[in-house]
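Each chain is listed here by its residues.
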Amino acid sequence: MMARVFRNPHPDGSVPGGFRKSGLAIGCVTGLALVLSACITDTISVPPVEPQRVQIPGTGPRLEPGSQLEREHRRLVASFGGEYRSQKIQTQLNAISERLRLVSDRPSEQYRVIVLNSPSVNAFALPNGYVYLTRGLLALSNDTAEIASVIAHEIAHVTARHAMARAELESRSVLVSRVMSEVLDNPGAGQLMRDQSRVAFASFSRQQEIDADEMGVRAIAKAGFEAHGATRFLIALDRSSRMREEIAGGGKDDKTDILATHPQTPERIARALAVAREFGAPGIGEADRARWLQAVDGMTFGDDPTQGVVKGRQFFHPKLRFAMSAPEGFVLENTAQAVLGVTAGAREAFRLDSTRVDQGKSLAVLLAENPIESIGVTDIRELQINQLPAATGLAKGPDWTFRVFLIRSGDLVYRMIFAAQGMNAAQDQRFLEAAQSFRRMTDDEVREIQPQRIRLVTARTGDRAEDLVASHMAGISQALERFYVINGLGPEDILQPGTAYKVIGT
């Protein structure tokens, strides 16, 4: 989370005020002018920084300065924390993408793989051949066949022109609904047409994902990688999704939403497995675990401390030198726009963002000028929080009530919004106590916050997962579950002596 201009939050899903429900969604990145072919998963992103490009050998795709694609590229890289630079990772990705290019339907096209500095698990592509992978996704992969399956999936989207097809379909549906509503003066018919086109668009996207999965499996097999790598990665993806949903306090919903843009992961696993079996049993083709693990050894895992760190219901920002604690029961996420939090069932929500404001401007006036969900803030009063000037007020809607705090620290003003359905006095008191936890960090606290990294540990005879976790992952939340997920293992798997496994350390 970093400083940005206050703006009225917009509703998103079932949670008001720009809050969104916590947890991993099997979906794609949207809202970038439909030029992205997104496909793996979408979780949270980390704060924007000025993007820098990784140059790879050879003649790669280019972005014309000032073009729409160039603007979308810059926005996308910034919204995912900039690029993550690692020469050994980049070398592996470049080699894999080159092998896949040569066996693709359009071998004359060039591809550029860019690693994004985000702990989310995500991958997507621009139509010009830019392929984006988050470091969170790299941490989930365990061999060259698995990561090749992701890149092949993205290349399939590019070669099949899926992004362009999506844009054309949506443009047609918008045009038809506008004609029905405006020209024929029949808004009801226009809404019906929009609903019908939404179902068609979602189905179209799901079929694109299935097609890209199948094309990707065939491509990695043709390039000499093990075809079953795709299945293994999709299983790891499903386990990661379930773990995040459990941490967020929400259960797994196994019902398929007809309007979901992606098929559920189990469906993708079954289809990928069926195609992989056409190329033989597991073990046929390259799946170099040692080479890939050496590439990600030392890679940053989780939040980048320069952009803020979530620890349970606490948030620390060593660069901006502040810390705060959310109320009991909240699960926090650090996103590009703000720190967000919700309770189980999304009955309460939280948002923390910031902006630079003229020091002469009163916090009370600033509160009054920034309504929440178009609801004016009233009952405004000024106070002090840990010797910092602050102001608070209420925005009361028909269903949700928002308790808003502004806190001035240096040249920044931090805004904390707490929301509850039918807020009562006890909830309001909890929110006040949480706001009062906002404080400046000490020099020692700033120094103590170090990035977590992927490390390799070789199992010895008799070692269990619990042993490696106890020795190398002390203090990591959900440590055993995370160990299983990042190593593609389950509780039933036995560690193999002499084999390297990923752990999370400093």
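In this text the structure is predicted, and so the values were computed from the model without any measurement.

Criteria and thresholds
- Residues numbered from 1 in each chain as written.
- Predicted model: local features only at pLDDT ≥ 70, side-chain atom pairs only at ≥ 80, totals over all residues.
- Heavy atoms only, no water.
- Helix = DSSP H or I, 4+ residues; strand = E, 2+ residues; numbered from the N terminus.
- Buried < 20%, exposed > 50% of the residue type's maximum accessible area, 1.4 Å probe, protein only.
- Contact = heavy atoms within 4.5 Å.
- Areas by Shrake-Rupley, 256 points an atom, 1.4 Å probe, with all protein chains shown as cover.
- Phe/Tyr/Trp six-rings, centres within 6.5 Å; stacked < 30°, edge-to-face > 60°.
- Lys NZ or Arg CZ within 6 Å of the ring centre and 35° of its normal.
- Pairing = 2+ DSSP bridges.
- Axes fitted to C-alpha atoms, helices over the stretch in contact; angles between N-to-C directions.
- Salt bridge = Lys/Arg side-chain N within 4 Å of Asp/Glu carboxyl O.
- Core = buried A, V, L, I, M, F, W, Y, C linked by side-chain atoms within 4.5 Å.
- pLDDT = per-residue confidence, 0-100.
- Parallel < 35°, antiparallel > 145°, perpendicular 65-115°, else oblique.
- Left-handed = near helix turned anticlockwise from the far one by under 90°.
- Nonpolar A, V, L, I, M, F, W, Y, C, P; charged D, E, K, R; others polar.

## Re the overall build of the chain
Regarding its fold elements, the chain presents 14 helices and 18 strands. A buried classification covers 55% of the 506 residues belonging to the chain. Within the chain, counting contacts between residues at least 6 apart in sequence, those at least 24 apart form 68% of the total. For the chain, the accessible area works out to roughly 21,900 Å², and carbon and sulfur atoms hold 50% of it.

## Some details on helix α14 (residues 479-486)
Of all eight residues in α14, six are buried; the element is thus mostly enclosed. Residues A479, R482, F483, Y484, V485 and I486 constitute the buried set of α14. Trailing α14 by a residue or two, G488 shows a phi angle of about 65°, which is positive.

## Overview of the packing of aromatic side chains
Tallying each qualifying case throughout the model produces twelve aromatic pairs. Centroid distance F322 to F438: 5.1 Å. Interplanar angle 15°. Geometry classified as stacked. Of this pair, F322 sits in strand β8 (residues 322-325) while F438 sits in the loop between α11 (425-435) and β16 (439-440), and the two are 116 residues apart along the sequence. Like F322, the residue F438 is buried in the burial classification. Ring plane angle 15° and centroid distance 4.9 Å describe the contact between F418 and F431, whose orientation is recorded as stacked. Remark: F431 occurs in helix α11 and F418 occurs in strand β15 (residues 412-421); sequence separation between them is 13 residues. You'll find F418 and F431 in the same group, each marked buried. Three or more aromatic residues joined by ring pairs make a cluster, and in this case those are F80, F124, Y130 and Y132. The side chain of R99 reaches across the aromatic face of F225, ending 3.8 Å from its centre. Sitting over the face of the ring of F316, K311 holds its NZ or CZ atom 5.8 Å from the ring centroid.

## Regarding the sheet that holds β15
Taken together, seven strands build an open sheet; the order of strands is β9-β10-β11-β15-β14-β13-β12 and the sheet is antiparallel. With one partner strand each, in any of the chains shown, β9 (331-334) and β12 (378-385) form the two edges of the open sheet. Averaged over all adjacent pairs, the angle separating strand axes in this sheet is 20°, with direction ignored. The strands touched by α11 within the sheet are β11 (348-356), β12, β14 (400-409) and β15, with β15 carrying the most contacts at an inclination of about 160°.

## Section: the pattern of salt bridges
Under the counting rule described, the total for this entry stands at 27 salt bridges. Notably, a salt bridge pairs R218 with E278, separated by 3.2 Å at the nearest N-O pair. In this pair, R218 is assigned in helix α6 (residues 187-222) and E278 in the loop between α8 (265-277) and α9 (289-296), connecting sequence segments 60 residues apart. One continuous salt-bridge network, built from bridges that share partners, spans R99, E286, D288 and R291.

## Observations regarding the nonpolar core
Judged by nonpolar contacts, the single largest core of 66 residues is most densely connected at I89, L93, L100, L133, L138 and F483. At eight residues, helix α4 (residues 144-159) tops the list of elements feeding residues into this core. The residues contacting L93, other than those within four sequence positions of it, are V113, V115, L133, I147, I151 and W292. If you look at the next biggest cluster of nonpolar residues, it comprises 27 residues, including V339, L394, F418 and F431.

## So, the environment of V158
By secondary structure assignment, the location of V158 is in helix α4. Between the alpha carbons of V158 and G129 there is a distance of 6.5 Å; along the sequence they are 29 residues apart. Not counting chain neighbours up to four residues away, the residues in contact with V158 comprise E109, Y111, A125, L126, P127 and G129.

## Some remarks on the confidence of the model for the chain
Model confidence for the chain is summarised by a mean pLDDT of 79, while 75% of its residues fall at 70 or above. Here strand β1 (residues 37-38) stands out as the least confident element of the chain, with mean pLDDT 38; α9 is the most confident, with 98. Note on residues 2-15: pLDDT under 50 across the span, and 42 contacts to partners over four residues away in sequence or across chains.

## Describing the pairing of strand β17 (residues 452-458)
Each regular strand carries side chains that alternate between the two faces of the sheet. Strand direction decides the pairing type here: strand β5 (residues 300-301) and β17, joined by two bridges, are antiparallel. In the strand pairing of β17, T300 is matched with R453. Looking at chain direction, β17 and strand β18 (residues 500-505) are connected through six bridges and run antiparallel. Bridged to I454 within β18 is I504.

## So, the packing of helix α2 (residues 87-103) against α4
Two numbers describe how α2 lies on α4: the axes approach to 10 Å, and their chain directions differ by 55°. When the axis of α2 is compared with that of α4, the two are oblique. For the element pair α2 and α4, the recorded crossing hand is right-handed. Touching Q92, L93, I96, S97 and L100 of α2 are T144, I147, A148, I151, A152 and I155, all from α4. Residues of the contact of α2 with α4, tallied by class, amount to eight nonpolar, three polar and no charged.

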